[in-house]
Amino acid sequence: MGFSVHLQGKIAHEALLSRQDAEIRLMDSMKRWIVNKVKCDRDYAISLSSTAAQGLKTTPGDDLAGSLVATSWRSIMEELDNTAKQIRQNADSIESKALDALNSLNVEKRKVRKLYQEEHTRILLQFTHLSDEVNRKKTEYQKYLELYKLMRSRFEEHYVKSGRGGRKLDDVRDKYQKACRKLHLTHNEYVLLLCEAVEFEKDFRTVLLPGLLEHQQSLQEAFILSLKHILQEIANNSDLSSEKFREIHKRIENCLDTIKPHEEYKDFTEKYKSTPAEPIKFTFDESLVEDSAGKLLPNQLTVDNLTVEWLRTKLNDLEASIKENQEKRNQLTNSHEGLANGKTTPTSEINNRLSTNVDTSKKEINELKCQERKMLKQTELIKSALNELGCEEVPSGCDLSLDNQTFISNSSEQGGSETHLSKRSPFNHQKLVKMLRKPFRRKSAPSSPVAPPRTRHSRSDSAPRSEGGDPVSITTNKSLVDEEWFHGVLPREEVVRLLTTDGDFLVRETTRNDECQTVLSVCWGGHKHFIVQTTAEGHYRFEGPAFPSIRELILYQFNSSLPVTGRSGAILYKPIPKERWELNNDDVNLLDKLGRGNFGDVYRAQLKNSNEIVAVKTCRVTLPEEHKKKFLQEGRILKQYDHPNIVKLIGICVQKQPIMIVMELVPGGSLLTFLRKKSSNLTDAQLMKMCLDAAAGMRYLESKNCIHRDLAARNCLVGYNNVVKISDFGMSREEEEYIVSDGMKQIPIKWTAPEALNFGYRMPAPDNTPDEMYRLMVRCWEYKPEVRPNFEQIYTVVDTLCAAYRVSFL
Ligand code: ADP
């Protein structure tokens, strides 16, 4: 399959030329590629070399003294630099050898192509030329043949005409002979030319053209060989697995072999070895709770009304987190075991030790375990704190009984007057003790458990106890609410105020989350409140035995002298009866509505046992607990005052909802309305007398250190004979100092001290105001409080004015 035999055709010739052109273009591409490759290799070598230099530069020195990894790293960086040098060297080599060779080859290739084309054209022209000659000779031959024929016919014609002689004949003969000679010569030339053409044609086909093609083939194959050598050269210089690179790699591997994890930290550990760390103790700073009056104890959770919900939520959250944590841990443990038992692959050495799920999950499991332990401890702490509470009502975290204490001390200062409502009657108390004790005597009572042995808190030395009295049967159908020591929904603050000595107790009701609970409140080293527990059978108990009724339960606790709960140790010594003003709701018959107050409607009402007509303020059942307490505040304040110009408290009804305050009925209603409607009918003397009433009431309050804070005509009531009585003690306080409250909606502007308003307005004197009276008003508005008159002085001035009007008051 050579060129000489198969590529003689015209098409093949042209294809051969095209092929050579394509080969030249290929070589051009190769050239460009080599230039680029050399550049890339050089750039790469430069980058590699600079990363190696950086790698060496960033290696910290002293801190890694003795580190095998660091030493190995430095060597690897050096080898990396060697790699860069080798790459550079190879690139140089490619440029100097392969690129140069390719350049010369390219030039040669172009020459060879040109020569081939010229030679081919040349021999082809020769052949064409010969063919043309043959054709030309043939045409000539035909021309001389025609001439010969003409001359011969002319000679024959003359010869016949003139015989054998004559000049004309000679002439014609001569021409005939010449034509004959010319024809013969041309014939011979034609024969020879044909002979040459035949031979040339044979040579062209069998010698010249095949020769040219054969030569061309060998040249082209020689080029291919050269190209192969060039590519080989490039390949050799691009071989990253060549001996030189292998040597570098070998050295890198040797470096890596020097890294031994177990020896890596030998020097380091030796240098920094120290004894294991001492555990750090977290201790409670006891000074933090010094001022908490025992409410906050070091290392103990505080369970009170402020924290109990939070603790319960926290407990729930913790338990949920523990559960979640355990599930997660179980999952991880299972997958960890799966991984640990699984097959290891050859490349898993590092993976197993560093980054596989096995170690990650082990670490996570440990973390989860720690978290769980922590949460379990917290859960235990909260649970035991909540459990310890047992049936005790959650204690109050923020004791608002401070006011009460002030109240009590104020009350006791008043001595033994009849109006001292907080003083309990000893007679009543003795009666109560009897009532409590009697049922216990009936040992055969089916619901009473066997009497427990007396404790050291035996009531034999307890003063209020009386052994006398008529026996009362347990079968008495007296209910709990009829007991003197049952105080209904009396607020806790009131309860706390009533229980003053260890062993004092009473029973009350409270509402928690819309559920009515019966609470036994006891004074025992503070105030303890025990919620009566209901058993599945519907019986009642604390920690001890259960009874069919709460009353029996309380009697049992009282008679047995056993602590209500082990934790509290609280023993019931002295039942505290209701105070005089603690009325039953059923004692009051509401008649008609008098007005509407801030907390609820105000009624005219009748007391059932005395038929007395009274005024009753009711507190809406739906109001929040805080508001109800505030409502009762007025009752608490009022009950200690007794003055003709102060509205009188008769009692409070807290046995059940709605809670009510019972007061003397002041029939004229509010002073504001009264004045608006009737002032024109009143004489100046009458009006002055009303001022004097108000001043007298205020002078009384002043003497009791009571600040009303909301004195205004709308808060005064008008009684018989136009007597003015101060009312509405909802905002009043017993204070050493006046506290200016902000944000009050209904502030009594006209009567409020200027600094309380920070406002310059002074009301002008109403018509017919006596000058002296207006002067007094202006003095009351003095900017500096110390310049203003007190109520004692005010009373004196008004009293003098009244005298001047010669008004008889009595
Ligand atoms: P609150 O203090 O809740 O705002 P008020 O003391 O202002 O309630 O009473 C509302 C209305 O009820 C008064 O304006 C008055 O008409 C009437 N009222 C209040 N107390 C008595 C009373 N003791 N005698 C007669 N009416 C009274």
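In every chain, residue numbers begin from 1 and rise along the written sequence. Confidence filtering applies because this is a predicted model: local features only for residues at pLDDT of at least 70, side-chain atom pairs given and counted only at 80 or more, and all residues used for totals across whole chains, interfaces and linings. By convention in this description, side-chain values take in all heavy atoms of the structure and omit both hydrogens and water.

Student: I keep staring at the overall build of the chain and nothing clicks. Help me out?
Tutor: On a plain count of helices and strands, the chain comes out with 20 helices and 16 strands. In this scheme, a residue with accessible area under 20% of its type's maximum is buried, one over 50% is exposed, and one in between is partly exposed, where area comes from a 1.4 Å probe on protein chains only. Here the chain holds 810 residues, and 39% of them are scored as buried. For the chain, the accessible area works out to roughly 48,300 Å², and carbon and sulfur atoms hold 54% of it. Here a strand is any run of E in DSSP of at least two residues, a helix any run of H or I of at least four, and the numbering for each starts at the N terminus. We get accessible surface area from the Shrake-Rupley algorithm with a probe of 1.4 Å; when it comes to residues, only the shown protein chains can shield them.

Student: Looking at this model, I keep getting lost on the nonpolar core. Mind explaining?
Tutor: Taken as a class, soluble globular proteins show a tendency for nonpolar side chains to be buried jointly. Core analysis: the biggest nonpolar cluster contains 41 residues, and Y641, I646, I652, L701, I726 and F729 have the highest contact counts within it. For this core, the elements supplying multiple residues, two or more each, are α13 (492-498), α15 (625-638), β11 (649-653), β12 (660-664), α16 (671-678), α17 (684-703), β14 (716-718) and β15 (724-726). For this core, the leading source of residues is α17, giving five residues. Only heavy atoms enter the contact rule, under which two residues are in contact if any of them lie within 4.5 Å. Apart from the residues lying within four places of it in its own chain, the contact partners of F729 are E634, I637, L638, Y641, I646, L701, C706 and H708. By convention a nonpolar core is built from buried Ala, Val, Leu, Ile, Met, Phe, Trp, Tyr and Cys residues, the set being connected through side-chain atoms within 4.5 Å.

Student: Just checking my understanding: could you explain the packing of aromatic side chains for this structure?
Tutor: Any aromatic ring pair is given by two values, namely how distant the centres are and how the planes are angled relative to each other. Two rings from Phe, Tyr or Trp (for Trp, the six-membered ring) form a pair when their centres are within 6.5 Å of each other. A pair whose planes differ by under 30 degrees is stacked, one over 60 is edge-to-face, and the rest are tilted. For the structure shown, the criterion picks out 16 aromatic pairs. Geometrically, the ring pair formed by F268 and Y272 is tilted, given 5.0 Å between the ring centres and 50 degrees between the ring planes. In this pair, F268 and Y272 are both assigned in helix α7 (residues 266-272), four residues apart and thus about one turn of the helix distant. On the basis of an interplanar angle of 40 degrees and a centroid distance of 5.0 Å, the ring pair of F547 and Y556 is categorised as tilted.

Student: It is not clear to me how the UniProt feature "binding site: ATP" (unreviewed entry) in the chain should be interpreted in this structure. Could you clarify?
Tutor: Feature annotation in UniProt assigns "binding site: ATP" (unreviewed entry) to the following positions: L594, G595, R596, G597, N598, F599, G600, D601, V602 and K617. Spanning 24 residues, the annotated positions come together in the fold, the maximum distance between their C-alpha atoms being 14.0 Å. Relative to the assigned elements, G597 resides in the loop between β8 (588-596) and β9 (601-607). Turning to its location among the elements, N598 is positioned in the loop between β8 and β9. For N598, a relative accessible area of 65% translates into the label exposed. UniProt positions are given in the numbering used here, feature names are shortened, and annotations may be inferred rather than shown by experiment.

Student: What is the right way to look at the site of the ligand in this model?
Tutor: Here a residue is near a molecule or strand as soon as one of its heavy atoms is found within 4 Å of it. Close to the ligand lie 16 residues, the nearest being N598, K617, E664, V666 and D728. Residue N598 places a main-chain N or O atom 2.8 Å away from an oxygen atom belonging to the ligand. The side chain of D728 places a nitrogen or oxygen atom 2.8 Å from an oxygen atom of the ligand. A total of 550 Å² of accessible area belongs to the ligand in isolation, and the protein chains cover 87% of it. Breaking the shell around the ligand down by element, the ones donating at least two residues are β8, β10 (613-618) and β12. Residue type decides the class: Asp, Glu, Lys and Arg count as charged, Ala, Val, Leu, Ile, Met, Phe, Trp, Tyr, Cys and Pro as nonpolar, and the leftover types, Gly among them, as polar. Along the lines of polarity and charge, the residues of the shell around the ligand split into nine nonpolar, three polar and four charged. Polar contacts, as used here, are pairs of N or O atoms within 3.5 Å; protein pairs need one atom able to donate a hydrogen and one able to accept it. Residues neighboring in sequence count only if both atoms are side-chain atoms.

Student: Is there a simple way to think about the pattern of salt bridges in this case?
Tutor: Pairs may arise between side chains of opposite charge once their charged atoms sit close together. Counted as salt bridges are all cases of a side-chain nitrogen of Lys or Arg within 4 Å of a carboxyl oxygen of Asp or Glu. As enumerated under the stated definition, the model contains 47 salt bridges in all. Its salt-bridge partner being K137, residue E189 comes within 2.6 Å of it at the nearest N-O pair. Of this pair, E189 sits in helix α4 (residues 167-238) while K137 is found in helix α3 (residues 68-162), placing the two residues 52 residues apart along the sequence. Since its relative accessible area comes to 36%, E189 is described here as partly exposed. Classification of K137 as buried rests on a relative accessible area of 11%. Salt-bridge contacts for E664 lead to K725; the nearest nitrogen and oxygen are separated by 3.3 Å. Of this pair, E664 sits in strand β12 while K725 sits in strand β15, and the two are 61 residues apart along the sequence. The exposure classification of E664 matches that of K725, with both residues buried. By sharing partners, the salt bridges in this structure join E494, R497, E579, R636 and K639 into a single network.

Student: Could you clarify how one ought to interpret the confidence of the model for the chain in this entry?
Tutor: Detailed reading of predicted coordinates is not advised where the pLDDT is low. The predictor's confidence in any single residue is recorded as pLDDT, a number from 0 to 100. The share of residues in the chain with pLDDT of 70 or more is 82%, and the mean pLDDT across the chain is 82. Scored below 50 in pLDDT, residues 400-475 shows 118 contacts in the model against residues more than four places distant or in partner chains. pLDDT under 50 marks residues 735-745. Its contacts with residues more than four places away, or in other chains, come to 10 contacts.

Student: What is the right way to read the environment of T51 from this model?
Tutor: Checked against the element boundaries, T51 lands in helix α2 (residues 10-57). Along the chain, T51 and D81 lie 30 residues apart, while their C-alpha atoms are 8.5 Å from each other. Beyond its immediate stretch of four places on either side in the chain, T51 contacts M77 and L80.

Student: What is the right way to look at the sheet that holds β10 in this model?
Tutor: Sheet strands pair via backbone hydrogen bonds, and the direction of the pair is either parallel or antiparallel. Any two strands with at least two DSSP-identified bridges between them are counted as paired. Strands sit in the order β7-β11-β12-β10-β9-β8 across an open sheet of six strands; the sheet is mixed. Pairing within the sheet leaves two strands with one partner each, and these edge strands are β7 (582-583) and β8. Bridging between β10 and β12 involves five bridges; their strand directions are antiparallel. Residue pairing across strands places T618 opposite M660, the latter belonging to β12. Axes here refer to lines fitted to C-alpha atoms; in helices the fit is confined to the stretch in contact. Angles between the N-to-C directions go from 0 to 180 degrees. Contacting β10, β11 and β12, α15 crosses the sheet at an angle of about 40 degrees to β12.

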